[in-house]
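This is what each chain is made of:
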Amino acid sequence: MPEASDHLSATLAALADPTRRAILARLATGQATVTELAAPFAMTMPAVSRHLKVLERAGLITRGREAQWRPCRITAAPLKDVANWVARYQRFWTESLDRLDDYLRDVQKKEKKHGHGKHHGK
Amino acid sequence: MATGNIMGNEEQELVLTRVFDAPRELVFKAWTDPKRVAQWWGPQGFTNPVCELDARPGGAIRIHMRGPDGTVYPMTGVYQEVVEPERLVFTSAALDEKGHPLFEVLTTVTFAEQGAKTKQILRARVIKSTAQAAPYLAGMEAGWTQSLERLSAFVATKSKE
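Procedures and definitions
Residues numbered from 1 in each chain as written. Chains lettered and ligands numbered in written order. Predicted model: local features only at pLDDT ≥ 70, side-chain atom pairs only at ≥ 80, totals over all residues. Helix = DSSP H or I, 4+ residues; strand = E, 2+ residues; numbered from the N terminus. Buried ≥ 20, exposed ≤ 12 C-beta atoms within 10 Å, placed from the backbone. Core = buried A, V, L, I, M, F, W, Y, C linked by C-beta atoms within 7 Å. Contact = placed C-beta atoms within 7 Å. Pairing = 2+ DSSP bridges. pLDDT = per-residue confidence, 0-100. Axes fitted to C-alpha atoms, helices over the stretch in contact; angles between N-to-C directions. Parallel < 35°, antiparallel > 145°, perpendicular 65-115°, else oblique. Nonpolar A, V, L, I, M, F, W, Y, C, P; charged D, E, K, R; others polar.

A closer look at the overall build of chain B
Moving on, step 1. Regarding its fold elements, chain B presents 3 helices and 7 strands.
Moving on, step 2. Here chain B holds 161 residues, and the buried ones make up 30% of them.

Some remarks on the nonpolar core
Moving on, step 1. Of all hydrophobic cores here, the largest spans 25 residues; its most connected members are Leu12(A), Ala14(A), Leu27(A), Leu55(A), Leu60(A) and Ile61(A).
Moving on, step 2. Residue assignment for this core shows that the elements contributing at least two residues are helix 1 (3-15), helix 2 (18-27), helix 3 (34-38), helix 4 (45-57), strand 2 (72-74) and helix 5 (76-114) of chain A together with strand 7 (117-127) of chain B.
Moving on, step 3. It is helix 1 of chain A that contributes the most residues to this core, 5 residues altogether.
Moving on, step 4. With residues up to four places along the chain from it excluded, the contact list for Leu60(A) reads Thr11(A), Ala14(A), Leu24(A), Leu55(A), Ile74(A), Thr75(A), Pro78(A) and Leu79(A).
Moving on, step 5. Core analysis: the next-biggest nonpolar cluster, separate from the first, contains 20 residues, Phe28(B), Trp31(B), Val37(B) and Trp41(B) among them.

Observations regarding the pairing of strand 3 (residues 60-66) of chain B
Looking along a regular strand, one sees the side chains alternate between the two faces of the sheet.
Residue and element names in this part refer to chain B.
Moving on, step 1. Only one face of strand 3 is covered, namely the face carrying Ile61, Ile63 and Met65; the face carrying Ala60, Arg62, His64 and Arg66 is uncovered.
Moving on, step 2. With 5 bridges connecting them, strand 2 (residues 47-53) and strand 3 associate as antiparallel partners. Opposite Val50, over in strand 3, you have His64 as the bridge partner.
Moving on, step 3. A loop of 6 residues connects strand 2 with strand 3, the two strands running antiparallel in sequence, and Gly58 in this loop sits at a positive phi of about 90 degrees.
Moving on, step 4. Hairpin connection from strand 3 to strand 4 (residues 72-83): 5 residues lie between these consecutive antiparallel strands, with Gly70 at a positive phi of about 95 degrees.

Observations concerning the confidence of the model for chain A
Moving on, step 1. Looking at chain A, pLDDT values average 81 and 86% of them are 70 or higher.
Moving on, step 2. Across chain A, the secondary-structure element scoring lowest on mean pLDDT is helix 1 of chain A, at 68, and the one scoring highest is strand 1 (residues 61-63) of chain A, at 92.

Details of the packing of helix 2 of chain A against helix 4 of chain A
All names here are of chain A.
Moving on, step 1. Where helix 2 meets helix 4, the axes come as close as 10 Å, and the angle between the chain directions of the two elements is 75 degrees. One way to sum up the angle between helix 2 and helix 4 is to call them roughly perpendicular. Residues Thr19, Arg20 and Ile23 of helix 2 pack against His51, Val54 and Leu55 of helix 4.
Moving on, step 2. A per-class count over the contact of helix 2 with helix 4 returns 3 nonpolar, 2 polar and 1 charged.

Quick look at the structure:
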């Protein structure tokens, strides 16, 4: 199994949880301590720490070793992979469905012109 | 309790709703007849030199998309449900830029009559691809996408540094 896919899978799994996404959104505005991150959530510190561990394993955050309060920082690279994939995937469906819409129009226009279409408003 | 809960599968999805000005039978055929699918599948400017669809449960999907620059993107999948003319369910492998499978996506497409038009709802979610894969893979619900948009804006500024 290629290594890249494991990374993306781990990133996606980490992003599956709304609390972890909220934590990341908070960290996108700047580094924060566990206490600061826990504040908006009705959660215990160990629960927040568990979420942080998942994010750290997925490479989405790094935690400072220097201080006792170990500030958390967001890491951009894995998010870029996910954002790229999601963007490609959304573009694929949006543009495909636009083309399907065009195709359905064309095909009905042709049917009408050649007169072998079904009755309209049967 | 909006946060802190693991959300259920159903909510972890990408959902796209479209209303086509065409009868349901025609829309369904446009999804299951390889010759028709080849005419719309893929982003603008893409063609589908290979498009093989065996539209029945367990049947295979094999599409080679060709980009405007000539790059071919192979895609394979398997039909899970085919209920003419109202419902299609299939799995497909999502590939990275080098063509390696990343994980599987389960796509459900439903077609409902709306007068002379057809309302189509497409739902896609990521499912586990291998036993070693992360215990639970994310889907792509709207909130998730919005977070990602914000995060990708952050990423975009970050990667310029």
